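Now for the letters of each chain:
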Amino acid sequence: MAYYRSKPTPGRHFLQIPGPTNVPDRVLRAIDNPTMDHRGPDFGRMAKALLEKLRLVFQTRGPVVIYPASGTGAWEAALTNTLSPGDRVLMCETGWFATLWKEMAERLGLVPEFIGTDWRRGADVAAIEARLRDDRGHLVKAVCVVHNETSTGCTSRIDEVRRALDAARHPALLMVDTISSLASMDYRHDEWGVDVTVAGSQKGLMLPPGLSFNAVSEKALRASETARLPRSFWDWKAMLAANATGYFPYTPATNLLYGLDAALDLLLEEGLPNVFARHDRHAEATRRAVRAWGLETQCADPRHHSSSLTAVRVPEGHSADALRAVILERFNMSLGNGLGQLRDRVFRIGHLGDLGDLQLMGTLSGVEMGLRAAGVPHRPGGVQAALEFLSGNA
Ligand SMILES: *Cc1c(COP(=O)(O)O)cnc(C)c1O
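Once a new chain begins, its residue numbering starts again from 1 and follows that chain's sequence as written. Local features are withheld for residues below a pLDDT of 70 in this predicted model, meaning they are given only at 70 or higher, and side-chain atom pairs are given and counted only at 80 or more; totals for whole chains, interfaces and linings count all residues. Computation of side-chain values: all heavy atoms of the structure, hydrogens and water removed.

If you look the protein chain up in an unreviewed UniProt entry, it shows as Serine--glyoxylate aminotransferase from Caldovatus sediminis. Note on the protein chain: under the UniProt heading Sequence similarities (unreviewed entry), the record states "Belongs to the class-V pyridoxal-phosphate-dependent aminotransferase family." UniProt positions are given in the numbering used here, feature names are shortened, and annotations may be inferred rather than shown by experiment. UniProt, in its Cofactor (unreviewed entry) section for the protein chain, records the words "pyridoxal 5'-phosphate".

Student: Any chance you could explain the environment of M333 here in plain terms?
Tutor: The helix and strand labels rest on DSSP assignments: H or I over at least four residues marks a helix, E over at least two residues marks a strand, and numbering proceeds from the N terminus. Tracing the backbone shows M333 in strand β13 (residues 333–335). Linking M333 and M91, residues 242 residues apart in sequence, is a C-alpha distance of 35 Å. Whether two residues touch is decided by their heavy atoms; if any such pair falls within 4.5 Å, the residues are in contact. Apart from residues no more than four positions distant in its own chain, M333 is found in contact with H13, F14, Q16, I327, L328, T363, G366 and V367.

Student: What is the right way to look at helix α11 (residues 320–331) in this model?
Tutor: Think of an α-helix as 3.6 residues a turn; residues three or four steps apart then line up on the same face. Expected span of a helix: the number of residues minus one, times 1.5 Å. With 12 residues, α11 should reach 16 Å at 1.5 Å per residue; the first-to-last C-alpha distance of 16 Å fits that figure. Identification of polar contacts relies on pairs of N or O atoms within 3.5 Å, with a donor-acceptor requirement for protein atoms, meaning one able to donate a hydrogen and the other able to accept it, and with residues adjacent in sequence counted only if both atoms are side-chain atoms. You can read the cap of α11 off the contacts: a side-chain oxygen lies 3.3 Å from the backbone nitrogen of D321, and it is on S319. Looking one or two places after α11, you find N332, whose phi comes out positive at around 60°.

Student: Could you clarify how one ought to interpret the environment of G362 in this entry?
Tutor: Of note, G362 is situated in helix α12 (residues 357–373). For every residue, the accessible area (1.4 Å probe, protein chains only) is compared with the maximum for its type, and the residue is labelled buried under 20%, exposed over 50%, or partly exposed between those bounds. Under the relative-accessibility criterion, G362 is labelled partly exposed at 28%. Residues G362 and V383, spaced 21 residues apart in sequence, show a C-alpha to C-alpha distance of 9.1 Å.

Student: Just to check I follow, could you spell out the sheet that holds strand β9 (residues 196–200) for this structure?
Tutor: Within a sheet, each strand pairs with its neighbour through backbone hydrogen bonds, oriented either parallel or antiparallel. Two strands make a pair as long as DSSP finds a minimum of two bridges between them. Judged by pairing direction, the sheet is mixed, and its 7 strands sit side by side in the order β2-β10-β9-β8-β5-β3-β4 without closing on themselves. What marks the edges here is a single partner per strand, and that holds for β2 (64–67) and β4 (111–116). Averaged over all adjacent pairs, the angle separating strand axes in this sheet is 20°, with direction ignored. Here β9 pairs with strand β10 (residues 212–216) via 5 bridges, running antiparallel. Interaxial angle, 0 to 180 degrees, is taken between N-to-C directions of lines fitted to C-alpha atoms, where a helix line uses only the stretch in contact.

Student: Would you mind going over the layout of surface pockets with me for this structure?
Tutor: In this approach, a probe sized like a water molecule rolls over the atoms, and the result shows the empty space that is left. Here the term cavity refers to a set of points on a 1 Å grid, laid over the protein atoms alone, in which a 1.4 Å probe fits but cannot get out; the term pocket refers to an open set having protein on both sides within 12 Å along at least five of seven lines, with lining residues being those that place an atom within 4 Å of a point. Grid points are joined across faces, edges and corners, and a volume is the space filled by probe spheres set on the points. One number sums up the size of the second largest pocket: a volume of about 320 Å³. In terms of lining residues, the second largest pocket is bounded by 17 residues, among which T155, M185, D280, H305 and S307 are the most central. Take the lining of the second largest pocket: its biggest share by element is 4 residues, from helix α10 (residues 272–292). The residue inventory of the lining of the second largest pocket, partitioned by class, reads 5 nonpolar, 6 polar and 6 charged. By the convention adopted, Pro, Cys, Tyr, Trp, Phe, Met, Ile, Leu, Val and Ala count as nonpolar, Lys, Arg, Asp and Glu as charged, and the other residues, Gly among them, as polar.

Student: Just checking my understanding: could you explain the UniProt feature "modified residue: N6-(pyridoxal phosphate)lysine" (unreviewed entry) in the protein chain for this structure?
Tutor: UniProt records the feature "modified residue: N6-(pyridoxal phosphate)lysine" (unreviewed entry) for K203 in the present numbering. Inspection of the secondary structure puts K203 in the loop between β9 and β10. Not counting chain neighbours up to four residues away, the residues in contact with K203 comprise P18, G19, T21, I179, S180, L352 and G353.

Student: Teacher, can you tell me more about the pattern of salt bridges here?
Tutor: Close approach of charged atoms lets side chains of opposite charge pair. The term salt bridge refers to a side-chain nitrogen of Lys or Arg lying within 4 Å of a carboxyl oxygen of Asp or Glu. By the definition in use, this model includes 23 salt bridges. Of the charged contacts in the structure, one is a salt bridge between E284 and R288, with a shortest N-O distance of 2.8 Å. In this pair, E284 and R288 both sit in helix α10, 4 residues apart, roughly one turn of the helix. Residue classification places R288 among the partly exposed positions, given a relative accessible area of 27%.

Student: For this particular structure, what's the right way to read the UniProt feature "domain: Aminotransferase class V" (unreviewed entry) in the protein chain?
Tutor: Sites flagged by UniProt as "domain: Aminotransferase class V" (unreviewed entry) map to residues 14–326. For residues 14–326, the end-to-end C-alpha separation is 14 Å, with 42% helix and 17% strand making up the annotated structure.

Student: Explain the domain arrangement of the protein chain to me, please; I cannot follow it from the model alone.
Tutor: Where interface size is quoted, it is often the accessible area lost as the parts come together. Domain extents, as shown, originate in an automatic or database domain assignment. If you check the domain split of the protein chain, you get domain 1 (14–23 + 271–392) and domain 2 (26–268). Placing the centre of domain 1 and that of domain 2 at their C-alpha centroids yields a distance of 27 Å. Contact with domain 1, which involves 34 residues of that partner, is made by 37 residues of domain 2. Buried area is a sum: the accessible area each of two parts loses on coming together, probed at 1.4 Å, counted once for each and added. Summed over both sides, the interface between domain 1 and domain 2 buries roughly 2,800 Å², with carbon and sulfur atoms accounting for 58% of that surface. The largest per-residue losses of area from domain 1 upon contact with domain 2 belong to V23, F276 and H304, which jointly make up 22% of the total buried on that side. At the boundary of domain 1 and domain 2, one finds 2 salt bridges. The salt bridge partner of E160 is R303, with a shortest N-O separation of 2.5 Å. On the surface where domain 1 and domain 2 come into contact, there are 17 residue pairs in polar contact (both at pLDDT 80 or more). Among the elements of the structure, α10, β11 (296–297) and β12 (309–313) are those that each provide at least two residues to the side of domain 1 that touches domain 2.

Okay, structure coming up:
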């Protein structure tokens, strides 16, 4: 049965939201294996190898913790394992997801300072550096940045954020949300000196929702020894002790781990540099289409364009949600909605995960047909611009 349509629709649904993304057949087949004894010998062998392989996509030699939870859980784990009540944290308002993480920090009893943006670019690195230089008493315990802000299609430069911390000689932990960038865009946990990387299963990793991750530096592990925020389910300590032999302190999401194993194989067989180049190329093709339509991307800084999604502004007086509804109804495609202050102002094209050139062209065709069908003012030719670029004649 089709779960996603109330009426039968021929052809495959186009799930082009920026997560959850399309799950490759090989991953679905892997998930469709019998659940095994998670305390038995086969499980331990599988999980031990899996935990090793998982480090490659984070570009880290350190441990990566896996939770049976959505990405929000891994946000909470990052904060509660490293910080204490009343700790000051410097966060960057890049968009809706950064705002949710900041609200979580408040609810947990932390004291976030929020550096603003106009939601059209990545984190303001100069402002981060200035604030850290100002903080001579080192009251700021962590800097938290969303690498790829999924609500706006803007990416923050984590290498530059690292340099800002170093230039200010500030000892704060660096925590980065890579939920919609990991395994789509180049990301280097070790090289960029990140202390906790937060990730999720349902975006670049091409899995269904249900797993999330913390990659953890030695400095973060040391901080966890004295951190006093209450934690139990999220505690790294019990998790890492059990993981050392391939087991978990509570029942893991066994079948999603089979899927993760298959997804990692797919990514490593393609080669991470090729995966990143594919996403860059699809993002460029999409932006050329948007430009040819005479529309604007939400991201206004060319250095911050996301390679995993493109948020497109609809002209003043038009409704992005009405456009998305027409595209769903007529062409059986789901696009991402506008979140927070961008509600009804943008639609978001997900081009991350398991995506080939023709799927992207189908997606852009659906958008162009939708713009016409919904009466949104635009110029034709976006699809043409994208196909010229993808076929090498641009
Ligand atoms: C999707 C997403 C989240 C939320 O993750 P859930 O799995 O829905 O809990 C957080 N941050 C970013 C950047 C995201 O893209």
